[in-house]
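# Per-entry structural report
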Amino acid sequence: MRIDYAVKGNIIFTKEFGKYEVIKDGYIVVQGKLVKGVYKKLSGEFINLKVIDYGNAMIIPGFVDIHLHASQFANLGLGLDKELMPWLEEYTFPEEAKYADVSYAKKVYSSLIRELWKFGITRSCVFATIHKGSTKLLMDMFAKSGLSAYVGKVNMDRNSPDDLTEKTEDSIRDTEEILKEYSNKYELVKPIVTPRFVPSCSTDLLKNLGRLAKQYNVPVQSHLCENYGEINFVKKLHPDCKNYTSVYSKAGLLGEVPTIMAHCVLVDEDEIELLVEKKVFVAHCPSSNCNLASGNAPIRKLITKGVKVGLASDISAGNTLSMMDIIVNAAQVSNIKWIESGRVDKPLKLTELFYLATKGGGEFFGKVGSFEEKYEFDALVIDDSSMPAFKTFSIEERLQRFIYTGDDRNIKVRYVAGKKIEEPKSYF
Ligand code: GUN
Ligand code: FE
């Protein structure tokens, strides 16, 4: 049965990149899962509608994290004085090997989902591990929580420790099993084809994953051009390929279906052109890029050239799931990029970064991340009344203060696809 209602509060969102829409004391009318419209006053046609009044609170779209590793949550804050390859070997691979044990997965994944809920991450694109049992469990747990996610069983058949290396045939078979079983199992939780990155996948595996993604019409996520050591390794493994991006492209893993590539810190001009042409989403992971000394991704340049971009925590190379902190971090590295590019790449403004954290990443999920008509109603109610205030602020300023100085305690209510989502602890 369709349930219609309206929420009332100080509404702020970005329909366009870099421009807030603000409706003070306004209403969002929700019909079932979808936004019908945003109004200053409710007209006669809505006279009998139930109104949920959030008073002076702000109502913003839910945050979208388009790249994170659920299986690294237990390592949050560990080993971040290393670069990518040693960090993977010393910290990450040994942790991920533990997910052969589904009961361990259940413990950590419950805690992660609660944390995503806390931070208002209503939609996410998630790496699990190579293990099909714990990957399926993660999808089932997300579905129970009411949060929306793409979840990938990771594929790795070479250059990895023995306990985290699959036989090529097993990797393909287990992936296909998940695509068959989960493509239509849930509305808000879907599988995604997830080759870890080029170094950990044979050409045979990459090609088969490209085939499966197309056959089952399932999106793809992976890592691209994050670190110099990684890129040199890819050059050695694929001397015939012009660049890293073309390895994915040759395997049918670049934009044949909707595709997310995380990082893209060190992409060259030819690669940027390919990303534009193939409509690839870049997951910008500023926290991770700072921690592992990967570099400062050329986000303004990518956007100017037409690349789609969303924001991402990339935990546990990133050290926080707070999208507020990630936005601030993205602003800071963009300011540095401005100076270091000889003042070519203009700093990203908060309005632009807020767009990336909501509608930018949300586009990967369809009509998500805005309060325009027919968008899925994902929203957060932000109560900033406990913040010290010695003068009055505009709604835009209040949002700024929440992003720069607020935390999860300011997030009072979460909605996903029209449904209010309660704290998930009782489910597990
Ligand atoms: N490249 C391959 N695997 C990983 C990972 O787990 N994290 C990050 N940041 N980069 C990767
Ligand atoms: Fe990652």
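## Looking at the site of ligand 1
- Among the 13 residues in the neighbourhood of ligand 1, the closest are listed as His-69, Gln-72, Arg-196, Glu-226 and Asp-314.
- The separation between a nitrogen atom of ligand 1 and a polar side-chain atom of Asp-314 is 2.8 Å.
- Burial of ligand 1 by the surrounding chains reaches 100%, relative to a free accessible area of 280 Å².
- When residues in the shell around ligand 1 are grouped by element, the largest group, three residues, is from helix H1 (residues 84–97).
- When grouped by side-chain class, the residues that make up the shell around ligand 1 number five nonpolar, five polar and three charged.

## Notes on the sheet that holds strand E12 (residues 259–263)
- The sheet built from four strands is open, its strands ordered E11-E12-E13-E14 with parallel pairing. Each having just a single partner strand, strand E11 (220–224) and strand E14 (308–311) make up the two edges of the open sheet. On average, adjacent strands in this sheet sit at an angle of 30° to one another, irrespective of strand direction.
- Pairing geometry for strand E13 (residues 281–284) and E14, over four bridges, is parallel. Bridging from a neighbouring strand, Phe-281 pairs with Lys-308 of E14.
- Against the sheet, helix H11 (residues 323–340) touches E13 and E14, its axis set at about 125° to E14.

## A word on the coordination of the iron ion (ligand 2)
- Looking at the iron ion (ligand 2), the protein donor atoms are His-67 (NE2), His-69 (NE2), His-223 (NE2) and Asp-314 (OD), and they sit 2.1 to 2.2 Å from it.
- Of note is the iron ion (ligand 2), whose four donor atoms meet at the metal with angles of 88 to 171° in an arrangement that counts as irregular.
- Mapped onto the sequence, the donors of the iron ion (ligand 2) take the spacing H-x1-H-x153-H-x90-D. Taken as a pair, His-69 in strand E5 (residues 63–69) and Asp-314 in the loop between E14 and H11 lie far apart in primary sequence, 245 residues in all.
- With a relative accessible area of 3%, His-69 lands in the buried category.

## A few points about the nonpolar core
- Counting residues in hydrophobic clusters, the biggest one holds 113 residues, and the most contacted among them are Phe-63, Phe-142 and Phe-402.
- Tallying contributions element by element places helix H2 (residues 102–118) first for this core, with eight residues.
- The contact partners of Phe-402, leaving out residues within four places of it in the chain, are Met-58, Ile-60, Phe-63, Met-324, Ile-382, Met-387, Asp-407, Asn-410 and Ile-411.
- Counting 17 residues, the second-largest nonpolar core is a separate cluster that includes Val-7, Ile-23, Val-35 and Tyr-54.

## What about the pairing of E11?
- Counting buried residues along E11, five of its five residues qualify, which places the element largely inside the surrounding structure.
- Side chains of E11 alternate between two faces, with Val-220, Ser-222 and Leu-224 and Gln-221 and His-223 buried alike.

## Re the packing of aromatic side chains
- Per the stated rule, a full pass over the model turns up 16 aromatic pairs.
- Measuring from centroid to centroid gives 5.5 Å for Phe-17 and Tyr-355, while their planes differ by 75°, and the two rings are edge-to-face. Pair noted here: Phe-17 is in the loop between strand E1 (4–16) and strand E2 (19–31) and Tyr-355 is in helix H12 (residues 350–362), with a separation of 338 residues, a long-range link.
- Judged by relative accessible area, which is 15%, Tyr-355 ranks as buried.
- Look at Tyr-20 and Phe-354: their rings are 6.0 Å apart centre to centre, the planes differ by 65°, and that puts the pair in the edge-to-face class. Placement of Tyr-20 in strand E2 and of Phe-354 in helix H12 is noted, with a sequence separation of 334 residues between them. Across the pair, Phe-354 and Tyr-20 agree in class, each one buried.
- An aromatic cluster of at least three residues, connected via ring pairs, comprises Tyr-5, Phe-13, Phe-371, Phe-377 and Tyr-415.
- The ring of Trp-117 has Arg-414 lying over it, and the distance from NZ or CZ to the ring centre is 3.7 Å.

## Some details on H2
- The end-to-end C-alpha distance of H2, which contains 17 residues, comes to 24 Å, matching closely the 24 Å that a straight helix rising 1.5 Å per residue would cover.
- Along H2, the positions that sit buried rather than exposed are Tyr-104, Ala-105, Val-108, Tyr-109, Ser-110, Leu-112, Ile-113, Glu-115, Leu-116, Trp-117 and Lys-118.
- Residues of H2 that are buried in the fold lie against E5, H1, strand E6 (121–127), helix H3 (132–145) and strand E16 (411–416).
- Looking one or two places after H2, you find Gly-120, whose phi comes out positive at around 70°.

## Topic: the state of the cysteines
- Tallying each qualifying case throughout the model produces zero disulfides.
- Here Cys-285 stays unpaired: no disulfide links it, and the sulfur of Cys-264, its closest cysteine neighbor, is 8.9 Å away.
- Left without a disulfide partner, Cys-290 is nearest to the cysteine sulfur of Cys-285, which lies 11 Å away.

## Looking at the sheet that holds E5
- With respect to topology, four strands assemble into an open sheet ordered E5-E6-E7-E9, the strand pairing being parallel. At either margin of the open sheet sits one strand with a lone partner, and together these are E5 and strand E9 (189–191). With direction set aside, neighbouring strand axes in the sheet form an average angle of 15°.
- Looking at chain direction, E5 and E6 are connected through five bridges and run parallel. Bridging from a neighbouring strand, Val-64 pairs with Arg-123 of E6.

What counts, and where the lines are drawn
- Residues numbered from 1 in each chain as written.
- Chains lettered and ligands numbered in written order.
- Predicted model: local features only at pLDDT ≥ 70, side-chain atom pairs only at ≥ 80, totals over all residues.
- Heavy atoms only, no water.
- Near = heavy atom within 4 Å.
- Polar contact = N/O pair within 3.5 Å; in protein donor to acceptor, adjacent residues only side chain to side chain.
- Areas by Shrake-Rupley, 256 points an atom, 1.4 Å probe, with all protein chains shown as cover.
- Helix = DSSP H or I, 4+ residues; strand = E, 2+ residues; numbered from the N terminus.
- Nonpolar A, V, L, I, M, F, W, Y, C, P; charged D, E, K, R; others polar.
- Pairing = 2+ DSSP bridges.
- Axes fitted to C-alpha atoms, helices over the stretch in contact; angles between N-to-C directions.
- Contact = heavy atoms within 4.5 Å.
- Donors = N, O, S within 2.8 Å, 3.2 Å for Na, K, Ca; no water.
- Tetrahedral: all angles 85-135°; square planar, octahedral: opposite > 155°, others 65-115°.
- Buried < 20%, exposed > 50% of the residue type's maximum accessible area, 1.4 Å probe, protein only.
- Core = buried A, V, L, I, M, F, W, Y, C linked by side-chain atoms within 4.5 Å.
- Phe/Tyr/Trp six-rings, centres within 6.5 Å; stacked < 30°, edge-to-face > 60°.
- Lys NZ or Arg CZ within 6 Å of the ring centre and 35° of its normal.
- Expected span 1.5 Å × (residues − 1).
- Disulfide = S-S within 2.5 Å.

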